[in-house]
Amino acid sequence: MQKIARLDRETMLYTWKTSVEELEAKLAQINETLRAHELTSGAAARAGVVIEDLKKQKKSQQEIDRALAEQGLPSLQEVGQATVHNLYGYWKLNNQKLKLEKRIIKLSQRA
């Protein structure tokens, strides 16, 4: 990553800053990782869609588990475990994404 020296007007010291292009490249990597994440693209995500549809139809847990098994998807319990296991990593990536977007906007407004 190429860094650019900039004068910090508050401290009157030069600091190394990352360019907008580098931040956008990092943001693209994070977006790709989020798209490929287990919670958004894996079997648990596909099962989540089925579960929500069946819940809207007021189906019981046994009926939902049966429908998931018929489609070769993880059970309600397995989906819950996958969610608990993967949620922190997903949150952390999403938080990095939001921070990068904020930095990009801030640097773009300065230019």
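Refer to the preceding data block for the structure.
The following paragraphs examine the structure supplied in this document.

Cut-offs applied
Residues numbered from 1 in each chain as written. Predicted model: local features only at pLDDT ≥ 70, side-chain atom pairs only at ≥ 80, totals over all residues. Heavy atoms only, no water. Salt bridge = Lys/Arg side-chain N within 4 Å of Asp/Glu carboxyl O. Helix = DSSP H or I, 4+ residues; strand = E, 2+ residues; numbered from the N terminus. Buried < 20%, exposed > 50% of the residue type's maximum accessible area, 1.4 Å probe, protein only. Arc of directions from axis to C-beta. Contact = heavy atoms within 4.5 Å. Axes fitted to C-alpha atoms, helices over the stretch in contact; angles between N-to-C directions. Parallel < 35°, antiparallel > 145°, perpendicular 65-115°, else oblique. Left-handed = near helix turned anticlockwise from the far one by under 90°. Nonpolar A, V, L, I, M, F, W, Y, C, P; charged D, E, K, R; others polar.

1. Some details on the pattern of salt bridges
Thinking step 1. The final tally for this structure, using the stated rule, is 1 salt bridge.
Thinking step 2. Across the pair Glu32 and Arg35 runs a salt bridge, and its minimum N-O distance is 3.1 Å. Taken as a pair, Glu32 and Arg35 lie in helix α1 (residues 20-36) at a separation of 3 residues, close to a single helical turn.
Thinking step 3. Judged by relative accessible area, Glu32 falls into the partly exposed class, the value being 46%.

2. As for helix α4 (residues 61-70)
Thinking step 1. All buried positions along α4 are accounted for by Ile64, Ala67 and Leu68. Buried residues of α4, seen end-on, are gathered within an arc of 100 degrees and therefore sit on one face of the element. Facing away from the buried surface of α4 by more than 90 degrees, the exposed residues are Gln62, Ala69 and Glu70.
Thinking step 2. In this fold, the buried residues of α4 make contact with α3 (43-56) and α5 (76-110).

3. Some points on the packing of α3 against α5
Thinking step 1. Following both chains from N to C, one finds α3 and α5 inclined at 125 degrees, their axes separated by 10 Å at the closest point. By the angle between their axes, α3 is oblique relative to α5. Crossing of α3 against α5: the hand is left-handed. Contacts between α3 and α5 pair Ala44, Ala47 and Ile51 from the former with Leu76, Val79 and Ala82 from the latter.

4. Here we look at the environment of Gly72
Thinking step 1. Positionally, Gly72 belongs in the loop between α4 and α5.
Thinking step 2. Linking Gly72 and Ala47, residues 25 residues apart in sequence, is a C-alpha distance of 9.3 Å.

5. Notes on the environment of Leu87
Thinking step 1. By the element assignment, Leu87 lies in helix α5.
Thinking step 2. Residue classification places Leu87 among the partly exposed positions, given a relative accessible area of 47%.
Thinking step 3. Placed 49 residues apart in sequence, Leu87 and Glu38 show a C-alpha to C-alpha distance of 9.4 Å.

6. A few points about the packing of α3 against α4
Thinking step 1. The geometry of α3 relative to α4 is characterised by a closest axis approach of 10 Å and an angle of 140 degrees between their N-to-C directions. Classified by chirality, the crossing of α4 by α3 is right-handed. Residue-level inspection shows Ala47, Val50, Ile51, Leu54 and Lys55 of α3 in contact with α4, the latter providing Ile64, Ala67 and Leu68.
Thinking step 2. Among the residues forming the contact of α3 with α4, the class breakdown is 7 nonpolar, no polar and 1 charged.

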